[in-house]
Protein chains: 2
Amino acid sequence: MSTPSSFAQLPGPPYYAVIFSSHRTLGDDGYGKMAEQMIELASLQPGFLGCESARDAEGFGITVSYWSSTEAIAAWKSNVDHLVAQDRGRRGWYEHYQVRVARVERAYGKPAT
Amino acid sequence: MSTPSSFAQLPGPPYYAVIFSSHRTLGDDGYGKMAEQMIELASLQPGFLGCESARDAEGFGITVSYWSSTEAIAAWKSNVDHLVAQDRGRRGWYEHYQVRVARVERAYGKPAT
């Protein structure tokens, strides 16, 4: 059985996805904190549709947030950048992540959505 | 420190992403097997650029594969569908997943890529 709460409930395409990949190490758990804070900020933004996230036992994680428009993503990114800037003096964890912004053109699954 | 092998090394946008979300339960590990088989098939396909994958302790996983074109994705999907059809008589695990196909328009990260 699946875990419904883990799957984002989204409208039909097109919409936008922000794919955030990060790695959290035993020595620095800031990567995970960053991902959590990014999603906390995202959920407060107009145009936020939902998100899905998973992090493995080795500390590598993928968080995908879904958005109604690139404008909504830009507003979110400005907040994330501010968050990162605030943390810059404390830690260097923000140095290790990848972000990819994509336009979702097709979506399908089982059970059908 | 990051784990370089966990991050896909990709060319600059545009390219395409297939975001595969699935849930593996204690009672049926087929979801994880499906994800692994999908990537095994992907790596054999022309136009496959790379992939990133993470699954959490609760069994929810996200695998993102990256492609040079929608044609490459279509060829891969036909193989995946065949795989699923082969397994259909054995198990129902293929009933619980979500697939989203997206065109990556921007990519950035730290260290810069």
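Refer to the structure printed above.
All values reported here derive from a predicted model rather than from experimental measurement.

Caption draft 1: Just the interface of chain B and chain A, in detail. Across the boundary between the two partners, chain B contributes 47 residues, which contact 47 residues of chain A. Between chain B and chain A, a total of about 4200 Å² is buried, with carbon and sulfur atoms accounting for 56% of that surface. Among the residues of chain B in contact with chain A, B:Arg100, B:Tyr108 and B:Lys110 are the three that bury the most area, contributing 17% of the side total. Between chain B and chain A we count 2 salt bridges in total. Here A:Glu52 and B:Arg100 are joined by a salt bridge, their closest N and O atoms 3.3 Å apart. Here chain B is connected to chain A by 17 residue pairs in polar contact (both at pLDDT 80 or more). Looking at the side of chain B that touches chain A, the elements that each hand over two or more residues are strand S1 (15-23), strand S2 (48-55), strand S3 (60-67), helix H2 (70-88) and strand S4 (97-110) of chain B. Class assignment for the residues of the side of chain B that touches chain A results in 24 nonpolar, 13 polar and 10 charged. Relative to S4(B), strand S4 (residues 97-110) of chain A runs antiparallel, the two sharing 13 bridges. Paired with A:Arg100 across the two strands is B:Ala107, which belongs to S4(B).

Caption draft 2: Summary view of the pairing of S2(B). Across 7 bridges, the pairing between S2(B) and S3(B) is antiparallel. Bridge assignment links B:Arg55 to a residue of S3(B), and that residue is B:Gly61.

Caption draft 3: Structural view of the sheet that holds strand S2 (residues 48-55) of chain A. What the 8 strands build is an open sheet, ordered S2(A)-S3(A)-S1(A)-S4(A)-S4(B)-S1(B)-S3(B)-S2(B); its pairing is antiparallel. Among the strands making up the open sheet, the edge pair consists of S2 of chain A together with S2 of chain B. Averaged over all pairs of adjacent strands, the angle between their axes in this sheet comes to 25°, without regard to strand direction.

Caption draft 4: Quick peek at the side chain of B:Asp56. If you trace the backbone, B:Asp56 turns up in the loop between S2 and S3. No salt bridge is formed by the buried B:Asp56, whose closest oppositely charged neighbour, B:Arg55, lies at an N-O distance of 6.7 Å. Within the structure, B:Asp56 has its side chain in polar contact with the backbone nitrogen of B:Glu58 (distance 2.9 Å). Not counting residues up to four positions away in its chain, the partners in contact with B:Asp56 are A:Ser53, A:Ala54 and A:Arg55.

Caption draft 5: How the structure looks around the pairing of S4(A). Pairing analysis gives 8 bridges linking strand S1 (residues 15-23) of chain A to S4(A), with the strands arranged antiparallel. Looking across to S4(A), one finds that A:Val18 is bridged to A:Val101.

Caption draft 6: Just the relation of the copies chain B and chain A, in detail. Between chain B and chain A, which share one sequence, the superposing operator has a rotation angle of 180° and an axial displacement of 0.0 Å; the RMSD is 0.0 Å. Such a combination of turn and shift is consistent with a two-fold rotation axis. Taken together, the interface assignments show that 100% of the residues at the interface of chain B recur at the interface of chain A, consistent with an identical surface on both copies.

Caption draft 7: Seen up close, the environment of A:Val18. All names here are of chain A. Looking at the secondary structure, you find Val-18 in strand S1. For Val-18, a relative accessible area of 3% gives the class buried. Measuring from C-alpha to C-alpha, the distance between Val-18 and Tyr-66 comes to 6.4 Å, with 48 residues separating the pair along the chain. Every residue in contact with Val-18, bar those within four places of it in the chain, is listed here: Thr-63, Val-64, Ser-65, Trp-67, Ile-73, Trp-76, Val-99, Arg-100 and Val-101.

About the criteria used
- All residue numbers refer to position in the chain's written sequence, counted from 1.
- Starting at A for chains and at 1 for ligands, labels are handed out in the order in which the entities are written.
- In keeping with the predicted nature of the model, local features appear solely for residues at pLDDT of at least 70, side-chain atom pairs appear and are counted solely at 80 or more, and the whole-chain, interface and lining totals rest on all residues.
- Excluded from the side-chain calculations are hydrogens and water; all other atoms, namely the structure's heavy atoms, are used.
- Throughout, a contact is declared for two residues whenever any of their heavy atoms are within 4.5 Å.
- Put simply, buried area is the surface a 1.4 Å probe can reach on two separate parts but cannot reach once they are joined, added for both.
- A pairing counts as a salt bridge when a side-chain nitrogen of Lys or Arg comes within 4 Å of a carboxyl oxygen of Asp or Glu.
- In the analysis that follows, any N or O atom pair within 3.5 Å is treated as a polar contact, provided that within protein one partner can donate a hydrogen and the other can accept it, and provided that, for residues neighboring in sequence, both atoms belong to side chains.
- Secondary structure elements are defined from DSSP: runs of H or I of at least 4 residues count as helices, runs of E of at least 2 residues count as strands, and each element is numbered from the N terminus.
- All residues other than Ala, Val, Leu, Ile, Met, Phe, Trp, Tyr, Cys, Pro, Asp, Glu, Lys and Arg, Gly among them, are scored as polar; the first ten of these are nonpolar and the last four charged.
- Paired strands, as defined in this entry, are two strands with at least two bridges between them according to DSSP.
- Angles shown run from 0 to 180 degrees and are taken between the N-to-C directions of axes, each axis being a line fitted to C-alpha atoms and, for helices, limited to the stretch in contact.
- Here's how the labels work: a residue is buried when its accessible area is under 20% of the maximum for its type, exposed when over 50%, partly exposed in between, all with a 1.4 Å probe on protein chains only.
- Under the counting rule used here, the positive set is Lys and Arg, the negative set is Asp and Glu, and His together with the chain ends is not counted.
- A residue counts toward the fit only if its pLDDT is at least 70 in both copies, and the copies are then superposed by least squares on the C-alpha atoms of those residues.

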